[in-house]
Amino acid sequence: MHMSDRVAAVVPAAGRGERLGGSVPKALRSLAGRSLVQHAVESLTSAALVDQVVVAAPTAELDAFAALLGPGVQVIAGGAERIDSVRAALAVLDETVGVVLVHDAARPLTPPALVDTVASAVLAGAPAVIPVLAVNDTIKQIDDTGRVVRTVPRDVLRAVQTPQGFRRDVLDDAYRLSATLPPEVAITDDAGLVEALGVVVMTVPGAQEAFKVTRPADLVLAEALLAHR
Ligand code: CTP
Ligand code: MG
């Protein structure tokens, strides 16, 4: 089967943002006058290769998201976990889409060039592509008493960002498989599901600016970076 070169971006944005705190869902938090989800969607719509954008929003905020994002962006109801939000968005993709990018709403400063780099790599034939950065801190494995078990060699470790890009058939298979995985299998990103299928995942260099807003200091950093642009 020939792969369609149409690219869709799916944006899980239905989280509460417990670690960030605050009274509105994280994706609606303001950064330089616009919501995090608006920034994240702009990274995608500014990329040359993205044809469709679907945002999974908290059920109670569908109208607010639709109003903020405008008619070019589809807003659908997300689910209880990130995986449920992505699954719901995958279900409404255009028939003709052959490549899917999954991108966190919580990464507002992602360069559009990174979006195109990931999409291009999939279009060029890689079934799964993720942006990664070297790890700066030394990483140690500990046991449940807090005692260090070992120091993990840092040179083979990478921190993983989004957008993560996939051939659509591969991501669909991975999400079908995810329904059958036992709950103790901790999958924290979409590529993790694809790895569980045995599919090779390729890496491309990530971007420092594509960091995820997780805690309050991250929002301060994002404000400062924007002010220096
Ligand atoms: N997400 C989602 N649906 C959920 C949970 C998370 O769409 N049920 C989205 C978030 O909106 C976010 C992305 O997944 O854009 C990455 O998740 P994370 O940074 O963990 O955001 P939250 O889950 O909102 O934050 P926290 O874990 O601190 O509550
Ligand atoms: Mg979360």
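As the structure is a computational prediction, the values presented were derived from the model and not from experiment.

*Asks:* How would you sum up the packing of helix H3 (residues 82–90) against helix H5 (residues 168–178)? Please name residues and give values.
*Replies:* At a closest axis distance of 11 Å, the pairing of H3 and H5 adopts a crossing angle of 130°. Classified by the angle between their axes, H3 and H5 sit oblique to one another. The chirality of how H3 crosses H5 is left-handed. In contact with Ile-83, Val-86, Arg-87 and Leu-90 of H3, H5 contributes Arg-168, Leu-171, Asp-172, Tyr-175 and Ser-178. For the contact of H3 with H5, a count of residues per class yields five nonpolar, one polar and three charged.

*Asks:* Any details on the pairing of strand S5 (residues 74–77)? Residues and values, ideally.
*Replies:* Bridge analysis of strand S4 (residues 52–57) against S5 gives four bridges, and the strand direction is parallel. Residue pairing in the sheet places Ala-57 in a bridge with Ala-77 of S5.

*Asks:* Report on helix H7 (residues 216–227), specifying residues and quantitative values.
*Replies:* When the terminal C-alpha atoms of H7 are compared, their 17 Å separation across twelve residues agrees well with the 16 Å that a helix rising 1.5 Å per residue should span. Turning to H7, its buried residues are Asp-218, Leu-219, Ala-222 and Leu-226. Viewed end-on, H7 has its buried residues packed into an arc of 100°, placing them on one side of the element. Seen from the open side of H7, the exposed residues pointing more than 90 degrees away from its buried face are Ala-217, Val-220 and Ala-227.

*Asks:* Outline unusual backbone geometry, supporting the account with residue identities and numerical values.
*Replies:* The residue after Thr-162, namely Pro-163, is reached through a cis peptide bond having omega 10°. At Ala-32, a residue that is not glycine, the phi angle is positive and equals roughly 50°. With respect to the helices, strands and loops of the structure, Ala-32 is situated in the loop between strand S2 (30–31) and strand S3 (34–35).

*Asks:* So what's going on with the site of ligand 1? Which residues, and what values?
*Replies:* Around ligand 1, the structure places 18 residues, and the nearest of them are Pro-12, Ala-14, Glu-18, Ser-85 and Lys-212. Here an oxygen atom of ligand 1 sits 2.8 Å away from a polar atom, N or O, in the main chain of Ala-14. In the model, an oxygen atom of ligand 1 is placed 2.7 Å from a nitrogen or oxygen of the Glu-18 main chain. Considered on its own, ligand 1 offers 560 Å² of accessible surface; in the complex 86% of this is hidden by protein. Of the residues contributing to the shell around ligand 1, the split by class is six nonpolar, four polar and eight charged.

*Asks:* Lay out the pattern of salt bridges with the relevant residues and their values.
*Replies:* The final tally for this structure, using the stated rule, is ten salt bridges. Asp-84 is the partner of Arg-87 in a salt bridge, and the nearest nitrogen-oxygen pair spans 3.5 Å. Of the two residues, Arg-87 and Asp-84 are both situated in helix H3; the distance of three residues between them amounts to about one turn of the helix. Residue classification places Arg-87 among the partly exposed positions, given a relative accessible area of 29%.

*Asks:* Explain the UniProt feature "site: Transition state stabilizer" (unreviewed entry) in the protein residue by residue, including any values.
*Replies:* Summarizing the sequence annotation, UniProt attributes the feature "site: Transition state stabilizer" (unreviewed entry) to Arg-19 and Lys-26 in the numbering used throughout. Here Arg-19 lies in the loop between strand S1 (6–12) and S2. In this structure, Arg-19 is in contact with Lys-212, Thr-214, Arg-215 and Pro-216, ignoring residues within four places of it in sequence. Following the sequence through the fold, Lys-26 ends up in the loop between S1 and S2.

*Asks:* Tell me what's going on with the side chain of Asp-190, and back it up with residues and numbers.
*Replies:* With respect to the helices and strands, Asp-190 occurs in helix H6 (residues 190–196). Look at Asp-190 and you get buried, because its relative accessible area is 1%. At 2.9 Å, the side chain of Asp-190 and the side chain of Arg-82 are in polar contact. Residue contacts for Asp-190: discarding those within four places in its chain leaves Arg-82, Val-86, Val-102, Gln-164, Phe-166, Leu-171 and Tyr-175.

*Asks:* Give a detailed account of the UniProt feature "site: Positions MEP for the nucleophilic attack" (unreviewed entry) in the protein, specifying residues and quantitative values.
*Replies:* Under the feature "site: Positions MEP for the nucleophilic attack" (unreviewed entry), the UniProt entry names Arg-154 and Lys-212. Structurally, the position occupied by Arg-154 is in the loop between strand S9 (148–152) and strand S10 (158–160). Note on Arg-154: relative accessible area 37%, which makes it partly exposed. Excluding its chain neighbours within four sequence positions, the residues that come into contact with Arg-154 are Val-135, Asn-136, Asp-137 and Thr-138. Mapped onto the elements of the fold, Lys-212 is located in the loop between strand S12 (202–205) and H7. Using a relative accessible area of 26% as the deciding quantity, one classes Lys-212 as partly exposed. Excluding residues that lie within four positions of it along the chain, Lys-212 makes contacts with Arg-19, Asp-104, Ala-106, Arg-107 and Asp-218. Polar side-chain contacts of Lys-212 include one of 3.1 Å to the side chain of Thr-214.

Quick notes on the rules
- Residues numbered from 1 in each chain as written.
- Chains lettered and ligands numbered in written order.
- Predicted model: local features only at pLDDT ≥ 70, side-chain atom pairs only at ≥ 80, totals over all residues.
- Heavy atoms only, no water.
- Axes fitted to C-alpha atoms, helices over the stretch in contact; angles between N-to-C directions.
- Helix = DSSP H or I, 4+ residues; strand = E, 2+ residues; numbered from the N terminus.
- Parallel < 35°, antiparallel > 145°, perpendicular 65-115°, else oblique.
- Left-handed = near helix turned anticlockwise from the far one by under 90°.
- Contact = heavy atoms within 4.5 Å.
- Nonpolar A, V, L, I, M, F, W, Y, C, P; charged D, E, K, R; others polar.
- Pairing = 2+ DSSP bridges.
- Expected span 1.5 Å × (residues − 1).
- Buried < 20%, exposed > 50% of the residue type's maximum accessible area, 1.4 Å probe, protein only.
- Arc of directions from axis to C-beta.
- Near = heavy atom within 4 Å.
- Polar contact = N/O pair within 3.5 Å; in protein donor to acceptor, adjacent residues only side chain to side chain.
- Areas by Shrake-Rupley, 256 points an atom, 1.4 Å probe, with all protein chains shown as cover.
- Salt bridge = Lys/Arg side-chain N within 4 Å of Asp/Glu carboxyl O.
- UniProt positions renumbered as here; feature names shortened; annotations may be inferred.

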